[in-house]
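Architecture and fold: a report
Residues per chain are reported as follows:
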Amino acid sequence: RALEHAINQEEIVQVLYRGEAVPTPGTMYPGSPCYWEESEDVYPFDLEKGKALLAEAGWTDTDGDGWVDKDGEKMELLLVNAFIEDLGPMIQAQLAELGVDASIDLVSGPIQLERAIEGDFHTILQSMRYADPGVIDMLYNSKNLGPGGWSWTRYKDPELDALLDESAVTVDPEKRCELIVEAQKIIHDQALMLPLYGSQANAVMRDNVRGVDFGSRPNVDFWLYDAYVEE
């Protein structure tokens, strides 16, 4: 929770993407169906709040070297990154403002997957890239931990799993969203993720082009099956 308050998403968006991205303080992308809007108020950027939470847990800078410690041990975190090279140092710098010493392992995609399944990390970068809200079932249902699975948090909660299991087989959109919102509340309360930013998918076309569909993965899929040019 302290780390959540230390991440300045607006700075990431402006510095790394020159404003061509979106702060995403919630579990899901703000434009996604079933997005829990109140999540934006849970962990606002607030370094002093983050330091206070660490202090409550016994982590303070006792020797004045800029790093928090507890029982003589400095807080050190390992960040595994297989995505954007410049992102790691920026997170590292922001956590340093909190007094947390983060080191970065920049690895290839296959190595990242091995580290994720083995649990060989403290934090690991993961990209959702799905517009469909069912993606949180992939990422947070404990049944999806294992080779080929994406539940890298290793978190197991029968209540969360039950919500996600039910949402996966619920056809009614309103009921499905209710279940997914409840799941987001648990994910946020337990601080299972450290939201960073949301990338945007932009397409430029003439105003007489119709039927273009970005699909469920806007940064990856681009469907033209039903596309046509209106005369």
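Before any of the text, the structure's been laid out above.
This one's a predicted model, so the numbers in the text were calculated from it and none came from an experiment.

Our next topic: the state of the cysteines. Scanning the entire structure with this criterion turns up one disulfide. One disulfide bridge connects C34 with C177, the sulfur atoms lying 2.1 Å from each other. Negative torsions about the S-S bond denote left-handed disulfides, and the value of about -65 degrees found for C34 with C177 makes this one left-handed. Taken as a pair, C34 in the loop between β1 (21–22) and α3 (47–56) and C177 in helix α8 (residues 173–189) lie far apart in primary sequence, 143 residues in all.

This brings us to the nonpolar core. If you look at the biggest cluster of nonpolar residues, it comprises 19 residues, and the most contacted ones within it are L54, I91, L95, V100 and L196. Listed by contribution, the elements that provide at least two residues to this core are α1 (2–6), β4 (76–81) and α4 (87–98). For this core, the leading source of residues is α4, giving five residues. If you look at the next biggest cluster of nonpolar residues, it comprises 17 residues, including I136, L160, L164 and L192.

With that out of the way, let us pick up the packing of helix α2 (residues 9–17) against α4. Orientation of α2 relative to α4, taken along the N-to-C sense of each, is 145 degrees, at an axis distance of 11 Å. The two elements α2 and α4 cross, and the hand of that crossing is right-handed. Contacts from E11, I12, V15 and L16 in α2 reach L87, M90 and Q94 in α4. Considered class by class, the residues forming the contact of α2 with α4 number five nonpolar, one polar and one charged.

Before going further, it helps to examine helix α5 (residues 109–118). Considered for burial, the residues of α5 that qualify are Q112, R115 and A116. All buried residues of α5 project into a common sector of 100 degrees when viewed along the axis, lining one side. When the buried face of α5 is taken as reference, the exposed residues oriented beyond 90 degrees from it are P110 and E118. Looking at the packing, one finds that the buried side of α5 touches β4, β5 (101–106) and β6 (123–124). Directly beyond the C-terminal end of α5, a positive phi value near 75 degrees is found at G119.

Scoring rules and cut-offs
- Residues numbered from 1 in each chain as written.
- Predicted model: local features only at pLDDT ≥ 70, side-chain atom pairs only at ≥ 80, totals over all residues.
- Heavy atoms only, no water.
- Disulfide = S-S within 2.5 Å.
- Helix = DSSP H or I, 4+ residues; strand = E, 2+ residues; numbered from the N terminus.
- Core = buried A, V, L, I, M, F, W, Y, C linked by side-chain atoms within 4.5 Å.
- Buried < 20%, exposed > 50% of the residue type's maximum accessible area, 1.4 Å probe, protein only.
- Axes fitted to C-alpha atoms, helices over the stretch in contact; angles between N-to-C directions.
- Left-handed = near helix turned anticlockwise from the far one by under 90°.
- Contact = heavy atoms within 4.5 Å.
- Nonpolar A, V, L, I, M, F, W, Y, C, P; charged D, E, K, R; others polar.
- Arc of directions from axis to C-beta.

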